[in-house]
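# Structural characterization, general
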Amino acid sequence: METTADPADRMADGYLKADFPWYGLDEAFSGDRWLAPVGMNADGTVEHGSTGHGDEPSVKVEPTPDNRRFVVVVTVAERPVRRSSDGTGVLDATSVATAAWLAGSGLLSCTWPTRMERHLRQNWLDQQTAIAWDLADGLEGPDWSALTLPVDGVPTPFHYRESEYGWVMAGSARGVHLGAFGRGMSAYGLGLAQVKDITAYQA
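Heads up: these notes are all about the structure in this document.

Parameters and conventions
- Here the residue numbering is sequential within each chain, running from 1 through the sequence in written order.
- In keeping with the model being predicted, local features are shown solely for residues with a pLDDT of at least 70 and side-chain atom pairs are shown and tallied solely at 80 or more, while totals for entire chains, interfaces and linings include all residues.
- The side-chain figures draw on all heavy atoms in the structure; neither hydrogens nor water molecules are used.
- Only DSSP runs of H or I reaching four residues or more are called helices, and only runs of E reaching two or more are called strands; each is numbered from the N terminus.
- The classification of residues rests on relative accessible area computed with a 1.4 Å probe and restricted to protein chains. Under 20% of the type maximum is buried, over 50% is exposed, and intermediate values are partly exposed.
- Any two residues whose heavy atoms approach within 4.5 Å at even a single point are treated as in contact.
- Calculation of accessible area relied on Shrake-Rupley with a 1.4 Å probe; when residues are assessed, cover is drawn exclusively from the protein chains displayed.
- Each nonpolar core is a collection of buried residues, namely Ala, Val, Leu, Ile, Met, Phe, Trp, Tyr and Cys, held together in the definition by side-chain atoms within 4.5 Å.
- Whether two strands pair comes down to DSSP finding at least two bridges between them.

## Re the overall build of the chain
A count of helical and extended segments in the chain gives three helices and 12 strands. Residues counted as buried form 45% of the 203 residues belonging to the chain. Restricting to contacts in the chain with at least 6 residues of sequence separation, those with at least 24 account for 58%. A total of about 11,000 Å² of accessible surface is found on the chain, and carbon and sulfur atoms cover 52% of it.

Okay, structure coming up:
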């Protein structure tokens, strides 16, 4: 009789295929840990993924996301400009801005106003997503402040900003770009560390 793989195991499989390390909150965080789906390019190469901590965000209208407390750490592979897998185009190099964009859009995806009428929701998301991209493209601008947090115990600078929906930060560590977003949990005092066992996270 054929058995079906556990969803958490299937989710972890994508992370195990990556050629770069994953990051999450360090051992000081004792709450729930979970995984979001990885991002892959057309040839199946893993490019980025997100490790979650605390309450798992939901796109459901109820309960309201205002009550959830979470931090999500986004790890992005450090890639140069390169040809696409089908040879028809060029893929941009990844950067801290890439991590900031993924973190900003990730925050929006789980904190949109649940009471908004359905026909207005997509317009709101489109508008806010464009704003998040512009912000990510201007990390040295006045919308961002500096925040230093330990990554594997080493003080590491991040670009940081707050909004009514939560906070976003982005920086770089050894061979990867890091983004993070959260709500209900302060970024101050957090520590990030390389994940030793990605299968310890629950999907």
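## Remarks on the environment of Val96
Along the polypeptide, Val96 turns up in helix α2 (residues 96-111). Exposure remark for Val96: the relative accessible area of 18% places this residue in the buried category. With near-sequence residues (within four places) excluded, Val96 lies in contact with Leu139, His159, Ala170, Gly171, Ser172 and His177.

## Section: the nonpolar core
Grouped burial of nonpolar side chains is what soluble globular proteins tend to show. Counting residues in hydrophobic clusters, the biggest one holds 30 residues, and the most contacted among them are Trp22, Trp167, Met169 and Leu192. Those elements giving two or more residues to this core turn out to be α1 (7-16), β1 (23-25), β5 (70-77), β8 (145-151), β9 (154-163), β10 (166-173) and β11 (176-183). Contact partners of Trp22, with chain neighbours within four places excluded, come to Tyr15, Val38, Val46, His48, Gly49, Thr75, Ala193, Gln194, Val195 and Ile198.

## Looking at the pairing of β8
Of the pairings in the sheet, the one linking β8 to β9 comprises seven bridges and is antiparallel in character. Bridging across to β9, Ala146 finds its partner in His159. The antiparallel hairpin formed by β8 and β9 contains two residues in its connecting segment, where Asp152 sits at a positive phi of about 55°.

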